[in-house]
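Chain and residue survey
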2 protein chains.
Amino acid sequence: MSANLKPSENRRKRSDLSPFFEPDVVAVFGSIKDSAGAGYGVVRNMLEFGFRGKIYPINPSCDEVFGLKAYPDLDKVAESIDLAMVIIPPPAVPEVIEQCARRGIKSVIIGTEGFAEAGEAGAELQKQVVDIAHRRGIRIIGPNTIGILNSGNGLITNPYFIGYDNVPKGSIAYSSQSGFLSNAAHHLGDSAYPISKMCDFGNKCDIDEVEFLDFVMDDPETKVISMHVEGVRDGRAFLEACREAVKKKPVLALKAGNSEAGIRAASSHTGSLAMDDQVYACALKQAGVIRVDDWEEYWEIPRVFSSQTLPRGKRIAIVTMTGGAGVLATDAAVSAGLEIASFTSLTVDRLERLNQRLAKNPIDLGPTMVVMESPFSILDEVLTPVLIDANVDCAVIVINGYMFEENPSAIDRLHQVVQHAAKPVTIFIYGTRMCWLEEASRKLASFGLAVYRNLNTAVKALGVAAQYSDSLGE
Amino acid sequence: MSANLKPSENRRKRSDLSPFFEPDVVAVFGSIKDSAGAGYGVVRNMLEFGFRGKIYPINPSCDEVFGLKAYPDLDKVAESIDLAMVIIPPPAVPEVIEQCARRGIKSVIIGTEGFAEAGEAGAELQKQVVDIAHRRGIRIIGPNTIGILNSGNGLITNPYFIGYDNVPKGSIAYSSQSGFLSNAAHHLGDSAYPISKMCDFGNKCDIDEVEFLDFVMDDPETKVISMHVEGVRDGRAFLEACREAVKKKPVLALKAGNSEAGIRAASSHTGSLAMDDQVYACALKQAGVIRVDDWEEYWEIPRVFSSQTLPRGKRIAIVTMTGGAGVLATDAAVSAGLEIASFTSLTVDRLERLNQRLAKNPIDLGPTMVVMESPFSILDEVLTPVLIDANVDCAVIVINGYMFEENPSAIDRLHQVVQHAAKPVTIFIYGTRMCWLEEASRKLASFGLAVYRNLNTAVKALGVAAQYSDSLGE
């Protein structure tokens, strides 16, 4: 704790991180010599993702990078600077923080590794940095972090080569204590994750989940918050922020270090304090936070909140092109706390008129589809009555991705049917070629459909949505 | 039950399915008019996958397909036929079975849907087919199935367009009661699943898991068996076959219908009998079968047995390029019944000489890699002592797929280190582009490495291997 800023005495004076997420002018400290340089990487990513503000590379040994003039230090920059991203060797960091203070910069991200997570000397250095920041009124994210991302203004502070074409824009806010659960390591572009803000807290010497929650709970761009947590600094403040946030939008948490060995590993990763998993689970539940079970759920479950309405109950309809998946989806639904909907007699009649065998839940379209000229018309004809059925609160559709390859217009039709019903629907696509699945996933997502590549996650997402919806009613 | 052949009185006269899996001559009954025809699909797939035997399309209204002469009925074929694949309208099936009987065919796969799973009339028709088969000494797989696959001779009876380039050859035998868990619905080619045999039992009017187990437990091409089961017909015989099989090779089972609603769904999918999940779980465990939890595990867990040796214990080393994943892998290992290995002092010394921070488990390579010219050399230097450490039984490696994009030769080096150690290793690759991951996965697999795209599954696979290994020692 000594290496961290103390929580302010009345921390529920809510925090505002907009100086970090909405800067007009950013200074980037780090090597720009070649493509391996951290400063080079940050500037490249900001330019590629279309950062709307101004960038000042700061480096004493190079004059320019990507056509941007580089400055040896801040004192040579005339303009006022809002945010500094610092990735330079640890011993040089304190002096740069002083330099920032002299120029009135109040927001600094320290990307550099080798602080509290690296042993005693690093912890001592981190304490030194924190002391300067505290004395000079500077707020810090990090150290040991890739920093933040804002899809709204193209701000990204990640120094690594990412490879994806653009920052997907959307309404999910992700926070983490690791580059692994950030824009540095996951295929956000290929999988079309709809993102509003991201933050990797790293060692959390100052800013942590509490202030991030404060910020994103009122962020109009954000509809759902997904957090990866290895440890919290101030449990009381954290739970208080969670309680406030869940009144406004769903909050999901992946708690890493849920075994004794895992807690030890977390402590050596980011210097996180041990946190008893049982106590944590209980407290989070009381605060209304929904716990997810693994890193894939951390990424995927929020999709349902981003594009779909909340269900009014927990009765699910399962519409599938393959009977085997229907059985597995039923199991998954029960285990996610959902109930298999019993259709009204009106719906049963309409389904029976299409085909005697369709009038049950799960609805196995397979046998009917194989005898039809246009397999997609049966999907329309079945979905329409099922989704407006008063006994149905949500639905999962299990569909072969190849169908969209053969019938590109089918996505639009599917979207219309789902939109008309105004009930949450998730779509699981399967198939024999990954390229078909990826292409279809992106297209479905672009129509605002919640598409999944894992059947259990597609179903569990609806269970989580029902759970959140239910908690609001209480 | 009335629609099925009765189990023979002494069924432990072991069954031999080689007439199904190793035919020299196959007759295909079904429409060959155009690419939507079932017969057309079967013939196309067999030709594309290089079936080594002879194919006779049987169809009264067309003369040829893909340059193969088609015959109006079997009586016009001079050659003796080993196997018939039948996908024609249900009412026509009994007569074709009689035709097969007249020509001495003993093995028939009935692909057609619309039998016992479709209601009373279908059940009656199925009974009729079974009666003929019983009387004439014909064995049946199906109805309502895509049938079988043998990677060794290119035999595939699936009528659907698959899209993947070839049948991956290998040593996993998969069985299922659904096209969804078969070669018709999963990206076997893109994901390079190493397959020996596959069988979809469909309605199981005759041949079921018991005979499949009998066959593959002694199949020299098969090292591991993965089964999807909705219900079993003769529990005693099934468990007996399981007990015999697990003495020879690992048997995994995904039991669908593990909730009451799921059981009802299974019954309407393949007419499976209800099976109490608790009773089933207990019996399978006693028989030594390892239960997997979802369809992804059904596909993925067997990989570890296919390419890796069995671990001698349950102590895992975790070597990761990202600390966050190290913590999550630790949690996953504990939950999979593994222990986090404590390295010998010799290993600790060697790791400390590389870098003070590397000498703990999980080993976070990240901070060391970022300061090195060639990040892969540290992976070599760390893996070599860790894998030969006497306190280490297995290892998971967490690696960014982009590394292989930058250093294609690294895969060969990694393979050499793993092979030298002769301990099971799984590799989890992550990254920001799917194409990198897919390419790297296939290359790693081609070198005989067990590669995973899901961290938890990569770790759980080692836990399952340790569990199986342990059961052999008892």
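Structural notes, computed from the coordinates.

About the criteria used
- Residues numbered from 1 in each chain as written.
- Chains lettered and ligands numbered in written order.
- Predicted model: local features only at pLDDT ≥ 70, side-chain atom pairs only at ≥ 80, totals over all residues.
- Heavy atoms only, no water.
- Helix = DSSP H or I, 4+ residues; strand = E, 2+ residues; numbered from the N terminus.
- Rg over C-alpha atoms; globule rule 2.2 N^0.38 Å.
- Buried < 20%, exposed > 50% of the residue type's maximum accessible area, 1.4 Å probe, protein only.
- Areas by Shrake-Rupley, 256 points an atom, 1.4 Å probe, with all protein chains shown as cover.
- Lys, Arg positive; Asp, Glu negative; His and termini not counted.
- Charge placed at Lys NZ, Arg CZ, Asp CG, Glu CD.
- Pairing = 2+ DSSP bridges.
- Axes fitted to C-alpha atoms, helices over the stretch in contact; angles between N-to-C directions.
- Contact = heavy atoms within 4.5 Å.
- Buried area = accessible area lost by both parts, 1.4 Å probe.
- Salt bridge = Lys/Arg side-chain N within 4 Å of Asp/Glu carboxyl O.
- Right-handed = clockwise from strand over helix to strand, strands pointing away.
- Least-squares fit on C-alpha atoms with pLDDT ≥ 70 in both.
- Polar contact = N/O pair within 3.5 Å; in protein donor to acceptor, adjacent residues only side chain to side chain.

A separate point is the overall build of chain A. Check the secondary structure of chain A and you find 18 helices and 20 strands. Compactness check: chain A gives a C-alpha radius of gyration of 25 Å against a globular reference of 23 Å for 474 residues, within 12% of the reference. Principal-axis analysis of the C-alpha atoms gives chain A an extent of 80 × 50 × 35 Å. Residues counted as buried form 64% of the 474 residues belonging to chain A. Roughly 17300 Å² of accessible area belongs to chain A as shown, and the carbon and sulfur atoms make up 49% of that amount. On chain A, the mean spot of the 47 positive side-chain charges and the mean spot of the 59 negative ones are 4 Å from each other.

With that out of the way, let us pick up the sheet that holds strand 1 (residues 25–30) of chain A. Remark on secondary structure: sheet strands pair via backbone hydrogen bonds, oriented parallel or antiparallel. Residue and element names in this part refer to chain A. On the basis of which strands lie adjacent, the open sheet formed by 5 strands has the order 2-1-5-6-7 and parallel pairing. In the strand order of this sheet, the two ends are held by strand 2 (54–58) and strand 7 (139–141), each with one partner. Put simply, the sheet's adjacent strands are angled 20 degrees from each other on average, direction ignored. Across 5 bridges, strand 1 lies against strand 5 (residues 83–87) in parallel orientation. Within strand 5, the residue paired with G30 across the bridge is I87.

So, about the interface of chain A and chain B. On the chain B side, the residues contacting the 68 residues of chain A number 68 residues. Summing both partners gives a buried area of about 5000 Å² for chain A against chain B, and 59% of it is carried by carbon and sulfur. Contact with chain B buries area across many residues of chain A, yet F180, T432 and M434 of chain A alone supply 13% of it, more than any other trio. Counting across the chain A and chain B interface gives 4 salt bridges.

With that settled, the discussion passes to the environment of I141 of chain B. Residue and element names in this part refer to chain B. With respect to the helices and strands, I141 occurs in strand 7 (residues 139–141). Look at I141 and you get buried, because its relative accessible area is 0%. Through-space distance from the C-alpha of I141 to that of G202 is 7.5 Å; in sequence the pair is 61 residues apart. Once residues within four sequence positions are removed from consideration, I141 is found in contact with F20, V108, I109, I110, I148, C199, D200 and I207.

Below, the discussion takes up the sheet that holds strand 8 (residues 148–150) of chain A. With mixed pairing, the 7 strands of this open sheet are ordered in space as 9-8-11-10-12-13-14 (chain A). Two strands in the sheet have a free side with no partner beyond their single neighbour: strand 9 (155–156) and strand 14 (290–291) of chain A.

All names here are of chain B. Most of strand 15 (residues 315–320) is tucked away, with 5 of its 6 residues classed as buried. Taken together, the 2 bridges between strand 15 and strand 16 (residues 339–340) define a ladder with parallel strand orientation. Counted as the bridge partner of R315 is E339 from strand 16. Handedness of the crossover joining strand 15 and strand 16 through helix 11 (residues 323–335) is recorded here as right-handed. Pairing geometry for strand 15 and strand 18 (residues 394–400), over 5 bridges, is parallel. If you follow I318 over to strand 18, its bridge partner there is V396. In the sheet, strand 15 pairs with strand 17 (residues 363–364) via 2 bridges, with the strands oriented parallel. Note that in strand 17 the partner of T320 across the bridge is D364.

With an axial shift of 0.0 Å and an RMSD of 0.0 Å, the rotation relating chain A to chain B amounts to 180 degrees. Taken together, the rotation and translation describe the operation of a two-fold axis.

Here the focus is the side chain of N153 of chain A. Residues and elements named next belong to chain A. Relative to the assigned elements, N153 resides in the loop between strand 8 and strand 9. Residue classification places N153 among the buried positions, given a relative accessible area of 12%. Looking at N153, its side chain comes within polar contact range of the side chain of N150, at 3.4 Å. At 3.1 Å, the side chain of N153 and the backbone nitrogen of L155 are in polar contact. What N153 contacts, discounting residues up to four positions off in sequence, is F21, E22, P23, G50, F51 and R52.

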